Amino acid sequence: NAGVTQTPKFQVLKTGQSMTLQCAQDMNHNSMYWYRQDPGMGLRLIYYSASEGTTDKGEVPNGYNVSRLNKREFSLRLESAAPSQTSVYFCASSGTGGGVPQHFGDGTRLSIL
Amino acid sequence: SQQGEEDPQALSIQEGENATMNCSYKTSINNLQWYRQNSGRGLVHLILIRSNEREKHSGRLRVTLDTSKKSSSLLITASRAADTASYFCATDGSGGGADGLTFGKGTHLIIQP
C-alpha cells in the first residue's frame, strides 16, 4: 500500500512562476487536506475537501487554489509563487466524519526564489 | 492560529527513560490526536483521545486529557533511540476533524543512546 503519494518531493521556483502540487491516496478516503509547515511551526491548513466535488478554505488559503480531481486525487496550485510560500507542503487523507486519524504523505519541499 | 501549544519545545533524555510532553489548547474540542514526525518525513498518527475520555494507552504510549484545563499529555515509557522525532498534538473544530486539524508547534524529542 502506497498510502498518500505526493509529487514532486522537491521544487525550486522563481517568484511569479506557477506550479501544481499533486497528491493521490489509495485508501478510498473521502476527505483530503493540504497543509503547510514552516520552520518551528506546526502544520497549518490551506484547503480541504470533505468529499469528492467539494473544497473549502482552511486557515491560510490566500495565494492557493485546489482541485479535487476525483476521489483519489487532490491538487494544490500556486498561480503566482511568492517567497512567503516557501514551505513544506503536506497532503493528508482521512475517512469520513470526525474523530478519525489523518494519513500524511512525505511532503513537497518548495523553495521560491 | 495555533490551537495547541506543546511543552517543552525540545527534550533530550537517555535511552530507557520516560518522556513526557504536554499540550495545551484554547477552545473546546471533540477529539485530540498525537502525531509523530521523523526528520524529512510526513506525520504519523499515534493515538486519538475523545473529549469524554481521560486516559488512553497504546503500547508504550499513554495519553491523558483534562478538558477542564484544556490540556493533554503524552508519555512514552522506556524510550528507544527510534523514538527520536518531533511530536505534535492536534485538535479538531466543530467538524470533529472532518474540516481539518489544528496543530501545535511540536516537541522535538531526542533520545540519547
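The structure displayed is predicted, hence computed values, not measured ones.

Calculation criteria
Residues numbered from 1 in each chain as written. Chains lettered and ligands numbered in written order. Predicted model: local features only at pLDDT ≥ 70, side-chain atom pairs only at ≥ 80, totals over all residues. Heavy atoms only, no water. Helix = DSSP H or I, 4+ residues; strand = E, 2+ residues; numbered from the N terminus. Buried < 20%, exposed > 50% of the residue type's maximum accessible area, 1.4 Å probe, protein only. Polar contact = N/O pair within 3.5 Å; in protein donor to acceptor, adjacent residues only side chain to side chain. Contact = heavy atoms within 4.5 Å. Core = buried A, V, L, I, M, F, W, Y, C linked by side-chain atoms within 4.5 Å. pLDDT = per-residue confidence, 0-100. Disulfide = S-S within 2.5 Å. Phe/Tyr/Trp six-rings, centres within 6.5 Å; stacked < 30°, edge-to-face > 60°.

J.: I would appreciate a short explanation of unusual backbone geometry in the present structure.
T.: Note: most peptide bonds trans; most residues except glycine with negative phi. A cis geometry characterises the amide bond from Thr7(A) onward to Pro8(A), with omega recorded as -5°. Along the chain, the position of Pro8(A) falls in the loop between strand 1 (4–7) and strand 2 (10–13). Put simply, Asp7(B) and Pro8(B) share a cis peptide bond, and its omega is 0°. Its location among the elements puts Pro8(B) in the loop between strand 1 (5–7) and strand 2 (10–14). Backbone geometry at Asn28(A) places phi at a positive 60°, although glycine is not the residue there. Taking relative accessible area as the criterion, Asn28(A) reaches 58% and is therefore assigned exposed. The phi angle at Ala78(B) is positive, at roughly 45°, despite the residue not being glycine. Looking at where Ala78(B) falls in the secondary structure, it is placed in the loop between strand 8 (71–76) and strand 9 (85–92). Given the relative accessible area of 39%, Ala78(B) is considered partly exposed.

J.: Is there a simple way to think about the side chain of Ser49(A) in this case?
T.: Residues and elements named next belong to chain A. When you line up the elements, Ser 49 lands in strand 5 (residues 43–49). Take Ser 49: its relative accessible area is 0%, and that puts it in the buried class. A distance of 2.6 Å separates a polar atom in the side chain of Ser 49 from the backbone oxygen of Thr 54. Not counting the four nearest positions on each side in its chain, Ser 49 is found in contact with Asn 30, Ser 31, Met 32, Thr 54, Thr 55, Arg 68 and Phe 74.

J.: Help me understand the nonpolar core in this model?
T.: One broad rule of soluble globular proteins: the nonpolar side chains tend to lie buried together. One finds Leu32(B), Trp34(B), Leu74(B), Ile76(B), Tyr87(B) and Leu109(B) to be the most contacted residues of the largest nonpolar core, which totals 21 residues. Among the elements of the structure, strand 3 (19–24), strand 4 (31–37), strand 5 (43–50), strand 7 (61–66), strand 8, strand 9 and strand 11 (107–112) of chain B are those that each provide at least two residues to this core. If sequence neighbours within four positions are ignored, Leu74(B) has contacts with Ala19(B), Thr20(B), Met21(B), Trp34(B), Leu46(B), Leu61(B), Arg62(B), Val63(B) and Tyr87(B). Within the second largest apolar cluster, 20 residues are counted, among which are Tyr47(A), Phe74(A), Leu78(A) and Cys91(A).

J.: Teacher, can you tell me more about the confidence of the model for chain B here?
T.: Detailed conclusions should not be drawn from predicted coordinates in areas where pLDDT is low. Averaged over every residue, the pLDDT of chain B is 92; the share at 70 or more is 92%. Here strand 1 of chain B is the element of chain B with the lowest mean pLDDT, 83, and strand 7 of chain B is the one with the highest, 98.

J.: Sorry, what's going on with the state of the cysteines here?
T.: Simply put, disulfide is the name for a covalent bond between the sulfur atoms of two cysteines. Residues and elements named next belong to chain B. Scanning the model with the defined rule gives 2 disulfides over all chains in all. The residue that forms a disulfide with Cys 23 is Cys 89, at a sulfur-sulfur distance of 2.0 Å. Between Cys 23 and Cys 89 the disulfide shows an S-S torsion of about 65°. By sign, it is right-handed. Taken as a pair, Cys 23 in strand 3 and Cys 89 in strand 9 lie far apart in primary sequence, 66 residues in all.

J.: What should I look at first to understand the packing of aromatic side chains in this one?
T.: To describe a pair of aromatic rings, one takes the distance between the centres and the angle between the planes. All names here are of chain A. Taken as a whole and judged by the stated rule, the model has 7 aromatic pairs over all chains. Ring geometry for Tyr 35 versus Phe 104: centroids 5.7 Å apart, planes at 40°, classification tilted. Taken together, the residues span a long stretch of sequence, with Tyr 35 in strand 4 (residues 31–37) and Phe 104 in strand 10 (residues 103–104) at a distance of 69 residues. Considered together, Tyr 35 and Phe 104 belong to a single accessibility category, that of buried residues. Residue Phe 104 is classed as buried on the basis of its relative accessible area, which comes to 10%.

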